Structures are given as structure tokens and as C-alpha cells.
Amino acid sequence: MDFKLSSDQETIQESARRMVAREIEPVTRAHASDKPLPKQALLQIYKAFASMGITAPRIPESDGGGGLSMLNYGLVFEQLPPALAISLLAHECTAARIYAESSPQQRERLLPDLFAGTKICCTGTTEPDVGSDPRSVTTRVERDGDALVITGRKMWITNVSVCDIINVSCAEGRDDRGLARMRRVIVERDKSPFETREIPTLGLRQGHLGEAVFEATRVPADNALGASGDVARVLTLTWNGNRPLVGLAAVHLAQKAFEAARDYAKVRVQFGKAIGKHQLVQKNLADIETSIVSARLLCYYALDCIDRGMRANGISAMAKRYATTACEQAVSLAMHVHGAIGISAELGLEQLYRDIRMLPIPDGTNDILTLIQGREITDLEAFRN
């Protein structure tokens, strides 16, 4: 067992850091930190993502994707500003879902622009009354001649207000238990317009979180993906990869907070000496670093399990749940080390705290992830009888 990154992996990490510094941070700094980025700015960033192969990292190179292992993708993902990392995650896992369920003709028509980052996509599953239970979706799809008609409302969708394509989880009737027979349908916004709005949020404010309303929205019948009933399986497979990645976004934020607290402890003087010489400050710094290292390693391990073809439902849930919780506490401790200035908007730790508080929610809340892990431990289902 070797915990050291290979030279290729170190190069991947460093390339990602340089890309962020050269091509992403100038764009984000040019716009307000508390408002969603304009779509043109986001497309500029997606061009940089495409150059690194991370607009489609899970898709083989032979089919036009990045062909990255999940662990190597995680090494890149950790370096990205989290608001943009979450946007990328919504985009690339939607591309992966389309790839998994589409015909060769659909792939040829839909995927090249997504790979190139010239179009932005997202997935619409969550609804006002449906969150962690996707088989209860009420957005319905019905056949009408050579078209499909979608009626319903989707909420809490990353990228929806700026998307060109949305992959909508619909109910195509019900099974004998009253659960939706789920069907994915691609809606291309320029051909089948629908209404969206931004939802103001606590953090990650340069990103885009919103809702979409479909009012008898007509789409071509050949925009239906896969077979009815395949959706839950594809959702689970992509969620397993997403969860450790969200954990690494939390690690990114906690690492920045730790570095700020460490540097401040060396220069801030109280009681005649640098506060870094006080034992409790050293304990806080040690606890912060421990949270970051343990969360990072757990997320890397979960991604490596996926690469090795192991069942990852439990470890993926564990990684996200632990990383978001431990790193949120780490950012809070870093604010304590700073004292009064730690809560100032000027310093920026409060933005890290708001951003990290967003991360327990996407791709399964921590309560749901606890039950997923418990199911894997006991082999007993906590969700349904």
C-alpha cells in the first residue's frame, strides 16, 4: 500500500493549480463574489475545464471523453474553487448519465458540445416535495404523436438557469407499489423553451442554483434516454462518484482556512507572545489539520474503491458525510483562532464558512448518507419496508 502520489498524479495536481491561477481566478475576481457569474464568464471557465479533459472525465477517451480514473479526477477537483467545482460536477455527471443511457445517434448529437464546454448541461431530479427519494417524482412525461410532453417542476438544480440542456427525471406511469417508472428525457432549451429562476443561497454564490418549470413542454420523442426503469441504477452509480468529490470540495475550503489560521497564529501577539505559542491555539491548529488530512484520505480511498470496481455505496456515503462535517468544524475552528477578525467579511473566512455549509446538501444529505452506510453495514433497508 503506497500513500504517495505518483509523479504523474503530482503533475496532474500541479497542472490543475496552474489552470485555476491562470484561467479561472482572473474571471472570478472580475465579477462580484456574491452573485452568479454571467453565462459568458462561465463558458470561458468551461473552456479551461475542457482543455484539461474534465468536462467528461468519466467517459473513455475513445469516445471523446477525458478517460480519467476517479482518483485522478478527484486530484484535479480538489484544486477547483468549490462554486465552480459543483457546477462542473452537475455538468459532467449529466454528460456521463447521457452517455450511459443514450444510443450512438444520441451521443453523436448531444455530447460533443458538452465535452467541448460550449454548452452547459444539468440534471433535474429533485422536486418541491421530492428530494432523497427520486422514485417519488411527479413530473410526468407522456407520448403525443411524434413528441413527448413534460409537465412538472424541478428545484435545487445546479446550472439550470444557464443550461443549454437538461436531463429530466420523469414519471412514465407507476408500478404496483405506486412508485414512478422513471424515464430520463433530454430537453434542449433552444428547441423546447422552459422557465427557470435563480434561488438565492447562503453560499457558493458565484454558482447557479435554481428551479425549472415545464408546462406541457414538447420535446422530440427521440430525446428519451434508455429504457423506462433504468434511471435509479444510473443515478446511484454517478452519485457514488459524486459524493467523495463533494467531500474534496469541503477539503479545499478547510485547507484555505487552515493556512490562514496557521499564518495568523505566527504574527498575532497576545500576552506578550505570538498566539501560536499558546497551547490551546496549537491544539486548534492540530485538530484542523487532522480533520483535513483524514477527510482527504477517506475521499481518495472512496474514489480508488470505485476505480477498482468495488461496491462503493457505503464508503462513498461515509466519505462525503465525514468530510463535509469534519471540514465545516475545521473552518469554524479557524475562525476561532482569528478571534474577532475571523467573523469579518474583510478577512473572507465567513465566506468559506457559508460555502462549506452548502456542501452537506447535494448528492444526498448527511442523514440520508448515514442510512446508506447503515444499510451497507447491516444489509437491512432503512428507507422502505
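Residues numbered from 1 in each chain as written. Predicted model: local features only at pLDDT ≥ 70, side-chain atom pairs only at ≥ 80, totals over all residues. Heavy atoms only, no water.

Taken as a whole and judged by the stated rule, the model has 0 disulfides. The thiol of Cys 170 is unpaired, and the distance to the nearest cysteine sulfur, on Cys 122, comes to 13 Å. Since its relative accessible area comes to 0%, Cys 170 is described here as buried. Take Cys 327: it sits in no disulfide, and the sulfur closest to it among the cysteines is that of Cys 299, at 7.7 Å. (Disulfide = S-S within 2.5 Å. Buried < 20%, exposed > 50% of the residue type's maximum accessible area, 1.4 Å probe, protein only.)

Moving on to helix H4 (residues 82-101). Helix length check: H4 (20 residues) gives 28 Å between terminal C-alpha atoms against 28 Å at 1.5 Å per residue, within 8%. Of all 20 residues making up H4, 19 are buried, and the element is well covered by its neighbours. (Helix = DSSP H or I, 4+ residues; strand = E, 2+ residues; numbered from the N terminus. Expected span 1.5 Å × (residues − 1).)

Helix H3 (residues 70-77) sits mainly inside the fold: 8 of its 8 residues count as buried. For H3, the set of buried residues is Met 70, Leu 71, Asn 72, Tyr 73, Gly 74, Leu 75, Val 76 and Phe 77.

What follows concerns the pattern of salt bridges. Counted by the stated rule, this structure contains 28 salt bridges. Among the ionic pairs, Glu 101 bridges to Arg 184, the shortest N-O distance being 3.7 Å. One end of the pair, Glu 101, is in helix H4; the other, Arg 184, is in strand E5 (residues 180-188), and 83 residues separate them in sequence. Arg 184 shares its class with Glu 101; the two are buried. A salt bridge links Lys 283 to Asp 287; the shortest N-O distance between them is 2.6 Å. Highlighted residues: Lys 283 and Asp 287, both in helix H7 (residues 279-307), separated by 4 residues, approximately one helical turn. You can call Lys 283 partly exposed: its relative accessible area is 47%. Sharing partners across several salt bridges, the network here consists of Arg 109, Glu 188, Lys 191 and Asp 222. (Salt bridge = Lys/Arg side-chain N within 4 Å of Asp/Glu carboxyl O.)

This part takes up the nonpolar core. The tendency in soluble globular proteins is for nonpolar side chains to be buried side by side. Formed by 70 residues in total, the largest nonpolar core has its most connected members in Phe 49, Ile 54, Tyr 73, Phe 77, Leu 80 and Leu 359. Counting residues per element, the ones that place at least two in this core are helix H1 (7-29), helix H2 (39-51), H3, H4, helix H6 (231-267), H7, helix H8 (313-338) and helix H9 (349-358). Ranked by residues supplied to this core, first place goes to H6 with 13 residues. Apart from residues lying up to four places away in sequence, Leu 359 is in contact with Ile 86, Leu 204, Val 246, Ala 249, Ala 250, Leu 253, Lys 320 and Thr 324. Counting 17 residues, the second-largest nonpolar core is a separate cluster that includes Val 160, Phe 194, Ala 212 and Val 219. (Core = buried A, V, L, I, M, F, W, Y, C linked by side-chain atoms within 4.5 Å. Contact = heavy atoms within 4.5 Å.)

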